[in-house]
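Structural overview
The residues making up each chain are set out below.
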Amino acid sequence: MTRRSCTIYVVGITCAVLLAVGIGLFAGQVFRTLMNNRLKKEIVLVEGSRVFDSWKKPPPPVYMQFFFFNVTNPDEFIAGGKPEVKQIGPYTYREYRYKDNVSMVANGKMVSAYNTKSFVFLREKSVGDPAEDNITTVNIPAWAVMNNVKGSFFKSSMVSIWMNSLKSGLFTTRTVDELLWGYEDRLLVRVAGTKPEVETVFGLMYKKNGSNDGEFIYHTGEQNYMDYGRIETWKGQRELTFWSSNYSNSIVGSDGSAFHPLLDKDERIYIFTPDLCRTIYMEFEKDVEVKGIPAYRFTPPRSVLASKEENPDNEGFCVTPKECLGTGVLKVSPCRKGAPVVASFPHFYLADGKYVAAIKGLSPERTHHQTFLDLNPTTGVIVRAHKRAQVNILMQRITGFPSTRFLNETVFPVMFLNESVEIDDASAEKLKKLLLISNLVSNFPLVIVGLGVILLLVFVILLCQARKQKNEVFSDLRDRASLYHELSDQSDDVKPLPFLHSSDHNHMDTDTKDTVDGYQGSTDHAPQSSSNVDVSTLKIKQSPKDVSLPQANKTNALPSQTFPLLLSSKQPSVVMTQKPTAYVRPMDGQDQLITESPELKPSPEPYAPLPELIGKSDLGKTKKTPQFLEVS
C-alpha cells in the first residue's frame, strides 16, 4: 500500500468519525443541555452567585417620567360639555432602586427583601420646573370624600357645605411638585377632625420617595429554575383580599425585576404590581435586539384589562356587579381607600373607543403608550423595558352634591407615567461575552461537523487525483498493448529459423560457407525492390567484433555456430518474435577438436531475399536504411 493510499484511508475514516460524532451530538443537544444546566445553577438568588449582587442593586439606570393632562375647559365640562385636555410633560426623575434588609429564609430556600425606591429630578430631561409649573386637573381628594359619603344624605349634605365654605371644587390647580409629592388639602383636614385615621396630605407619589411597598419573599430558584424570582408572599400574604375571586386575588409571578432563564416564546410572563393591586400577564410579541443582544418582547394583551364579556376571568375585578367597567380600564378603588381611581394604559390604549371619544385631546399610539419587556431568552435579563400606566378618576353624578348634577359619567385622565430602563454598556458587554461562550459551547457539535465537511472535501479531492493517476496508467498500458499488437501483426510474414540438430555438426562449416556463397551469388541476379535500390551494389560490412569470433573459436577449440550475416543484422522489429537457435552439446565420444563452424541444417523453405522482406514490412514505409547497410 502506497503512502497516498494510506493518506486517503486515514482522511476518509477521520471524516466519517467527525461527521457521525458531530451530527450525533447536535441531534442529541448534548452540549446545549450541559450549558443550560450550568446556567440554571449559576442564576440563583443566593450569596456568591453571579446575579445576586445585581439583583440587590441593579446597575442599569431607571428613569421615571410623568405626563399630566391639563384641563383647558373645566367649567364647560361641569356644565355638561365635552372636556378638553392637553398633555404636559415629561417631568423626568432618576429612579434609584435597591433591595433592602435582604436575608435568607426557609432554610436558605427563599430570600426576603424590601424594594426601596428614591427619585431625583433631572431638569435637562424635563419640559419645565415642577415647582413652578401649574396643572389644572381633577380634585382627587374632593372626589374621594364624596364617594366615601355617598348613600348617606346627612354626610353628603355636610361635606357639600364644607366644600362650599372651603371653596373646594371639582377641579383644582396645583404645581407638579404638589400633585406628585403631596400637599395638605383643607377638605381632608376638616374630615380628619372627625376621622383621625384620614391622611391630611395627598399626592400621587406621596410617601413613595425613599420608601418601599412592603416585604417580599422570593424563591431562589435552586430547587427549580422556573421559580427564580417568583414571589411567595407579599406583606405576609399569599393572596390578596381586594377582589371577589381566587383568580383575581392570586399573587403570581415576579415583581418585574427578575425572570427565570431559558425563556420560551409560548409561555406567559406573570408580574405582580402593587400599584394596580393585581397580577398581570404578558405574552410574546416579536424578536428584538438591544445593543447587539437578542431579546424576546413581551407585552400585555388586550385580554388583561378586558371586560367580563370578553374575558370571563376578569369578572372578579368588578367591585360590584353594577360597577364593572368596559375593556381597557380597571377600577382600583378597593385598594385606594375607596377613592374612585381607575387604571388604564396611557391615552386609553387597548381600551374601548368610547373612553377615547369622551375626551378631546387624546390619541393612543402603540409606540408611545405600549407597555413591554425585552428579555434575553437565555439568561432572563431585562435589556429594555417600559412600564406605562395612567391614573384616571371616575366622574359621575353623586346624590347630595348639586355641582355634579350635569356631569356625564366619564373616566377622566389625570396623568400617566413611563418607567423605563435600558441595559448599560458595561453590563451589555458582560452579557454578550456570556452569550458568546454559551453559543460556542452549545454549537460545538457544528464545529465538529464543519471539520468533517472540510475533511470530506479533502477526501474527494484525493480520490479524484488517485482516479486521474490510475486512468493515466491504464491509458499508458493500453497504448503499449496496442503498440505490441501492431508490431506482432507486422511480423506475421517472417519465417522462424530452423533448430539445429546434433547430427549437423560435422557439416556445419561447409554448409554455412556454401549457403553464404550461394546467397551472395544469387544476389548478382536478383531483381530490384520496390524501393528501386540495387541489392547487388550493397556491400555487407563486418564489425571487428564479428571478424574476431572465428579466431577466438579456433584458439579455444570450442564448438560454435555461425549465423548468416544478413540474418543476424535484421531489424529488431523483424527478429524479435523468432525463437533462438538451440545449441546441442556433442555426445560422448564426439568431443574432438572442431576447427570449423558446424554445418547448419538447411531450412525446409528457402530464405526470402532481403528486398522482399523489406517490401513486406512496414519498415520500408519509413524509408530508413538499416545501420548495417551502406550504399557502395
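As the structure is a prediction and not an experimental result, all values here were calculated from the model. (Residues numbered from 1 in each chain as written. Predicted model: local features only at pLDDT ≥ 70, side-chain atom pairs only at ≥ 80, totals over all residues. Heavy atoms only, no water.)

As a further point, take the packing of aromatic side chains. With the rule as written, the count across this model stands at 21 aromatic pairs. Ring geometry for Phe 216 and Tyr 218: centres 5.8 Å apart, planes at 15°, overall stacked. For Tyr 218, a relative accessible area of 1% corresponds to the buried category. Aromatic ring contacts, followed pair by pair, group Phe 52, Trp 55, Phe 216, Tyr 218, Trp 234 and Phe 272 into a single cluster. Seen from the ring of Tyr 281, Arg 268 lies directly overhead, with NZ or CZ sitting 4.0 Å from the centre. Taking the ring centre of Phe 372 as reference, the NZ or CZ of Arg 297 above it sits at 3.8 Å. (Phe/Tyr/Trp six-rings, centres within 6.5 Å; stacked < 30°, edge-to-face > 60°. Buried < 20%, exposed > 50% of the residue type's maximum accessible area, 1.4 Å probe, protein only. Lys NZ or Arg CZ within 6 Å of the ring centre and 35° of its normal.)

Right, let's talk about the nonpolar core for a bit. Ranked by size, the top nonpolar core spans 100 residues in total, and within it Phe 66, Phe 68, Trp 143 and Phe 412 carry the most contacts. Here the element with the most residues in this core is helix α5 (residues 140-149); it accounts for 7 residues. Counting residues in hydrophobic clusters, the runner-up holds 9 residues, among them Ile 293, Ala 295, Val 383 and Leu 431. (Core = buried A, V, L, I, M, F, W, Y, C linked by side-chain atoms within 4.5 Å. Helix = DSSP H or I, 4+ residues; strand = E, 2+ residues; numbered from the N terminus.)

So, on to empty space enclosed by the protein. Overall, the coordinates contain 3 cavities of 30 Å³ or more when judged by the stated rule. In this structure, the largest cavity encloses a volume near 150 Å³. Along the walls of the largest cavity sit 16 residues, with Asn 314, Phe 317, Leu 325, Val 329 and Leu 330 positioned nearest its centre. Tallying contributions element by element places strand β13 (residues 329-331) first for the lining of the largest cavity, with 3 residues. (1 Å grid on protein atoms, 1.4 Å probe; cavity = no way out; pocket = protein on both sides within 12 Å on 5 of 7 lines; lining within 4 Å. Points joined across faces, edges and corners; volume = space filled by probe spheres on them.)

So, on to the environment of Leu 375. Relative to the helices and strands, Leu 375 resides in strand β15 (residues 372-375). Relative accessible area serves as the criterion here: at 0%, Leu 375 is assigned to the buried category. In the structure, Leu 375 is positioned 82 residues away from Ile 293 in sequence and 9.5 Å away in space, judged by C-alpha atoms.

Quick look at the pairing of strand β8 (residues 211-219) now. Direction of pairing for strand β3 (residues 110-121) relative to β8: antiparallel, over a ladder of 7 bridges. The residue bridging Val 111 from the neighbouring strand is Tyr 218, located in β8. When β8 meets strand β9 (residues 231-234), the two strands line up antiparallel, connected through 3 bridges. Looking at β9, one finds that Tyr 218 is bridged to Ile 231. (Pairing = 2+ DSSP bridges.)

Let us look at the UniProt feature "transmembrane region" (unreviewed entry) in the protein chain. Under the local residue numbering, the UniProt record ascribes the feature "transmembrane region" (unreviewed entry) to residues 7-31 and 444-464. In residues 444-464, helix accounts for 100% and strand for 0%; the two terminal C-alpha atoms are 31 Å from one another. (UniProt positions renumbered as here; feature names shortened; annotations may be inferred.)

This paragraph deals with the packing of helix α2 (residues 30-42) against helix α12 (residues 425-442). Interhelical geometry of α2 versus α12 gives an angle of 145° and a closest axis separation of 7 Å. Contact residues: α2 offers Phe 31, Arg 32, Met 35 and Leu 39, while α12 offers Ser 438, Val 441 and Ser 442. By residue class, the composition of the contact of α2 with α12 is 4 nonpolar, 2 polar and 1 charged. (Axes fitted to C-alpha atoms, helices over the stretch in contact; angles between N-to-C directions. Contact = heavy atoms within 4.5 Å. Nonpolar A, V, L, I, M, F, W, Y, C, P; charged D, E, K, R; others polar.)

Right, let's talk about the state of the cysteines for a bit. Tallying each qualifying case throughout the model produces 2 disulfides. Paired through a disulfide, Cys 277 and Cys 335 show a sulfur-sulfur distance of 1.7 Å. Of note, the bridge from Cys 277 to Cys 335 carries an S-S torsion of about 95° and is right-handed in sense. Taken as a pair, Cys 277 in the loop between β10 (269-273) and β11 (278-290) and Cys 335 in the loop between β13 and β14 (341-344) lie far apart in primary sequence, 58 residues in all. Accessibility expressed as a relative area gives 4% for Cys 277, which makes it buried. Across the disulfide, Cys 318 is cross-linked to Cys 324 (sulfur-sulfur distance 1.5 Å). (Disulfide = S-S within 2.5 Å.)

Turning next to the packing of α5 against helix α6 (residues 153-166). Helix-helix packing: each pair is described by the crossing angle between the helix axes and the interaxial distance. Interhelical geometry of α5 versus α6 gives an angle of 160° and a closest axis separation of 9 Å. The orientation of α5 with respect to α6, classified from their angle, is roughly antiparallel. Seen from above, α5 lies across α6 with left-handed handedness. Touching Ala 142, Val 145, Met 146 and Val 149 of α5 are Lys 155, Ser 156, Val 159 and Met 163, all from α6. (Parallel < 35°, antiparallel > 145°, perpendicular 65-115°, else oblique. Left-handed = near helix turned anticlockwise from the far one by under 90°.)

Moving on, we come to the environment of Gly 338. Inspection of the secondary structure puts Gly 338 in the loop between β13 and β14. The class of Gly 338 is partly exposed, set by a relative accessible area of 36%. For the pair Gly 338 and Trp 143, spaced 195 residues apart in sequence, the C-alpha to C-alpha distance is 10.0 Å. Setting aside anything within four residues of it in sequence, one finds Gly 338 in contact with Asn 147 and Ser 333.

Next up on the list: the confidence of the model for the protein chain. Overall, the prediction assigns the protein chain a mean pLDDT of 80, with 76% of residues at 70 or greater. For residues 499-579, every residue scores under 50 in pLDDT, and the model assigns this stretch 93 contacts once sequence neighbours within four places are set aside. Here residues 589-597 is modelled with pLDDT under 50, and outside its nearest four sequence neighbours on either side it reaches 10 contacts, counting other chains as well. (pLDDT = per-residue confidence, 0-100.)

Note on helix geometry: an α-helix contains 3.6 residues per turn, so any two residues three or four positions apart are oriented the same way. In terms of burial, α5 is largely enclosed, as 9 of its 10 residues are buried. Listing the buried residues of α5 in full gives Ile 140, Pro 141, Ala 142, Trp 143, Ala 144, Val 145, Met 146, Asn 147 and Val 149. Gly 151, located one to two residues past α5, shows a positive phi value of around 95°.

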